[in-house]
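Summary of the model geometry
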Amino acid sequence: MAESHGEAKGTASAHTEAEGGHGFPPFQKETFPSQIVSLVITFVALYVIVSRLALPKVGGVIDARQKAIDGDLAEAQRLNDESEAAMKAYESELAAARARAQAIGAETREKLAASSDAERKALEDSLAAKLAAAEKSIATTRATAMSNVRGIAADAASAIVQQLTGKAPAGKTVEAAVDASLKGTA
Amino acid sequence: MARGLRLSSELIAGVLVGAVLGWGFDRLLSTSPFGFIVFFLLGFAAGVLNVVRSAGIAPDRSRQ
Amino acid sequence: MIDPIHQFHLNKIFTIGHIGNQEIAFTNSTAYMLLAVVLIAGMMLAAGRALVPGRFQSVVELSYEFVANTLRTSAGSHGMTFFPLVFSLFMFIFVSNIVGIIPYTFTVSSHIIVTFSLALLVFLTVIIYGFYKNGLKFFKLFVPSGIPAVILPLVVVIEIISFFSRPISHSVRLFANMLAGHVTLKVFASFVTMLGALGFVGKVGALLPLGLTVALTGLELMVAFLQAYVFTILTCIYLNDAIHPGH
């Protein structure tokens, strides 16, 4: 390989101008202008296509993708923040509700206690009043009964005395005697 | 092979440019052959510098 | 023996015109250059615009991102001015290298004049843009910092020669790789046919060069990409000098 390379190089540099189509092709000077012109035309065309059409297009697609990804990430972040905020709001609301429930419970308990106290007191009062009334009615009943007993006793005494003596005793004497005996028994 | 070709092309390029510069120098100032000799040696130095740089032994200014 | 050089011959297809006395011919080289341009343009323009790319669109976008990243890392964001140029260079070299591996085709980049013209294009772009952008500060490129004043002139001359040697090494590297690769391939492939003509024993013996040819084709595919990449990254590095010569 190296041999043919070197040999070809030698012949190319020696004979290029004399013998057109021979020698080592990459060193044939007479082909240079054609290649340069070809290269200039094709490369300029490539450059124009690449810089005007191809790169803006591909770059635009890549940018659009990057933007979409960034947008999606930002959106996801936003949603995440939002859900976190909602969670926090929910938790604080829950705590507030719990506190309120406790307050209401305590208040209700107090109210109930107060009302039951009042009820008890009213009941006791009414019972005491009823007791007093009952005692009073007993007392009057007894007094009435006592006075009836005195009348009956006086009548009975005068009747007994009339039976025994044959004459009716004076009412006043009988009553006094009955009272005296009642006081003695009572 | 690729590495060898790379390094040898660096050296050859340096020597070649030195030789061409020396030849041009001689043509302009008719100092032949001293310009050629001096620039050939300088070209060799530049070629060695290129090789050393592209082999990554010496710090390469242009890569920093 | 099959001539391994034959594949590099230029065949005139028709004459386009004349410049002075020089005939400008439409050759097989021109045809393959056109083919590369048509392939690149067709591929890029036919690729879809889907948000989630298909295979074909992925390839196009991958090449776009690849060249863009190469350029951005070597020449900074300012270097993106040259993105169309660098992309065109990379795709042109890469596609013509790949096309050249197909048997019976012609490899555009196996001709020194082609690679040298491309390298010269880069070189002139660097010089013109370097002076346009930096004015006389562009000369700083030739004056490395931290060099004693005594040997500074010598270093500057060496740096200048080194600078002017760039388009040569830039183009010779690509040219020599493509040329050597294709010659080697051809030589091994011709061993296969030569041994194959020698009866049964020859046919068995031909298996070795056949295997080598297959392996070399794989290698050449890699070289086709690698050399396009090397050409591109060197272009980026040289452009970086034009943009930031002080470094």
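Residues numbered from 1 in each chain as written. Chains lettered and ligands numbered in written order. Predicted model: local features only at pLDDT ≥ 70, side-chain atom pairs only at ≥ 80, totals over all residues. Heavy atoms only, no water.

By the naming in UniProt, chain A goes by ATP synthase subunit b 2 and is assigned to Bradyrhizobium sp.. Here chain A is described in UniProt, under the heading Subcellular location, as follows: "Cell inner membrane". Here is the UniProt Sequence similarities comment for chain A, exactly as written: "Belongs to the ATPase B chain family." (UniProt positions renumbered as here; feature names shortened; annotations may be inferred.)

Observations regarding the overall build of chain B
Scanning chain B from N- to C-terminus turns up two helices and zero strands. The buried share of chain B, reckoned over its 64 residues, is 39%. Nonlocal contacts in chain B, meaning residues at least 24 apart in sequence, comprise 49% of its contacts between residues at least 6 apart. Accessible surface for chain B amounts to roughly 3,700 Å². Of this, 75% is attributable to carbon and sulfur atoms. (Helix = DSSP H or I, 4+ residues; strand = E, 2+ residues; numbered from the N terminus. Buried < 20%, exposed > 50% of the residue type's maximum accessible area, 1.4 Å probe, protein only. Contact = heavy atoms within 4.5 Å. Areas by Shrake-Rupley, 256 points an atom, 1.4 Å probe, with all protein chains shown as cover.)

A look at the interface of chain C and chain B
Taken together, the contacts link 23 residues of chain C with 23 residues of chain B. A combined buried area of about 2,100 Å² lies between chain C and chain B, and 67% of that area is made up of carbon and sulfur atoms. One salt bridge in this structure joins Glu 10 of chain B and Arg 173 of chain C, with 2.5 Å as the shortest N-O distance. Summed over the shared surface of chain C and chain B, the result is five residue pairs in polar contact (both at pLDDT 80 or more). Taken together, the elements giving at least two residues each to the side of chain C that touches chain B come down to α5 (152-196) and α7 (207-243) of chain C. Considering every element that reaches the side of chain C that touches chain B, the biggest residue donor is α5 of chain C, with 16 residues. Grouping the amino acids of the side of chain C that touches chain B by side-chain chemistry returns twelve nonpolar, seven polar and four charged. (Buried area = accessible area lost by both parts, 1.4 Å probe. Salt bridge = Lys/Arg side-chain N within 4 Å of Asp/Glu carboxyl O. Polar contact = N/O pair within 3.5 Å; in protein donor to acceptor, adjacent residues only side chain to side chain. Nonpolar A, V, L, I, M, F, W, Y, C, P; charged D, E, K, R; others polar.)

Here's the deal with the pattern of salt bridges
Enumeration according to the criterion identifies eight salt bridges over all chains in this entry. Between Glu 61 of chain C and Arg 65 of chain A there is a salt bridge; the shortest N-O distance is 2.7 Å. Separated into two different chains, Glu 61 of chain C in helix α2 (residues 55-75) and Arg 65 of chain A in helix α2 (residues 32-165) make up a pair that spans both. For the pair shown, Glu 61 of chain C and Arg 65 of chain A are each scored as buried. Taking the shortest distance from any N to any O, the salt bridge between Arg 78 of chain A and Glu 75 of chain A comes out at 3.0 Å. Taken together, the positions of Arg 78 of chain A and Glu 75 of chain A, both in helix α2 and three residues apart, correspond to about one turn of that helix. For Arg 78 of chain A, a relative accessible area of 40% puts it in the partly exposed group. Under the relative-accessibility criterion, Glu 75 of chain A is labelled partly exposed at 36%.

Here we look at a nonpolar patch on the surface
Residues and elements named next belong to chain B. On the surface, a nonpolar cluster with roughly 640 Å² of combined accessible area is contributed by Trp 23, Phe 34, Phe 36, Ile 37, Phe 40 and Leu 41. Per-element tally for the nonpolar patch: the top contributor is helix α2 (residues 34-54), with five residues. Checked against the element boundaries, Phe 36 lands in helix α2. When its relative accessible area of 32% is taken as the criterion, Phe 36 is described as partly exposed. (Patch = residues over 30% accessible without salt bridge, like charges linked within 9 Å, V, L, I, M, F, W, Y side chains within 5 Å.)

A few points about the nonpolar core
Counting 70 residues, the largest nonpolar core has Phe 87, Phe 92 and Leu 118 of chain C as the members making the most contacts within it. When residues of this core are traced back to their parent elements, those giving at least two are α2 of chain A together with α1 (28-46), α2, α3 (83-101), α4 (112-134), α5 and α7 of chain C. Among the elements that take part in this core, α3 of chain C stands out by supplying eleven residues, more than any other. Setting aside residues no more than four positions away along its own chain, Phe 92 of chain C makes contact with Leu 39, Thr 42, Phe 43 and Leu 46 of chain A together with Met 33, Ala 36, Val 37, Ile 40 and Leu 118 of chain C. (Core = buried A, V, L, I, M, F, W, Y, C linked by side-chain atoms within 4.5 Å.)

As for the interface of chain A and chain C
It is common to give the size of an interface as the accessible area lost on bringing the parts into contact. Listed per partner, the contact involves 36 residues of chain A and 49 residues of chain C. The interface formed by chain A and chain C contains one salt bridge. Counting across the chain A and chain C interface gives nine residue pairs in polar contact (both at pLDDT 80 or more). Element by element, the count of residues in the side of chain A that touches chain C is highest for α2 of chain A, at 26 residues.

A few points about the packing of α3 of chain C against α5 of chain C
Residue and element names in this part refer to chain C. Packing of α3 against α5 leaves a shortest axis separation of 11 Å and a crossing angle of 10 degrees. As far as their axial angle goes, α5 and α3 are roughly parallel. Considering how the two elements wind past one another, α3 and α5 form a crossing that is right-handed. Residues Ile 93, Asn 97, Gly 100 and Ile 101 of α3 touch α5, and the partners they reach there are Leu 174, Met 178 and His 182. Considered class by class, the residues forming the contact of α3 with α5 number four nonpolar, three polar and no charged. (Axes fitted to C-alpha atoms, helices over the stretch in contact; angles between N-to-C directions. Parallel < 35°, antiparallel > 145°, perpendicular 65-115°, else oblique. Left-handed = near helix turned anticlockwise from the far one by under 90°.)

Focus on the UniProt feature "transmembrane region" in chain A
Residues given the UniProt feature "transmembrane region" here are residues 33-55 of chain A. What you have in residues 33-55 of chain A is 100% helix and 0% strand, and the ends, taken at the C-alpha atoms, are 30 Å apart.

Overview of the arrangement of the chains
Of all two pairs of chains that touch, the greatest number of contacts is found between chains A and C. Nothing in chain A touches chain B; the tightest C-alpha to C-alpha distance between them is still 13 Å.

Thoughts on the side chain of Thr 42 of chain A
Looking at the element boundaries, Thr 42 of chain A is found in helix α2. A relative accessible area of 2% means that Thr 42 of chain A is categorised as buried. A polar side-chain atom of Thr 42 of chain A sits 3.2 Å from the main-chain carbonyl oxygen of Leu 39 of chain A. Those residues in contact with Thr 42 of chain A that sit more than four places away from it in its chain are Met 33, Leu 34, Val 37 and Phe 92 of chain C.

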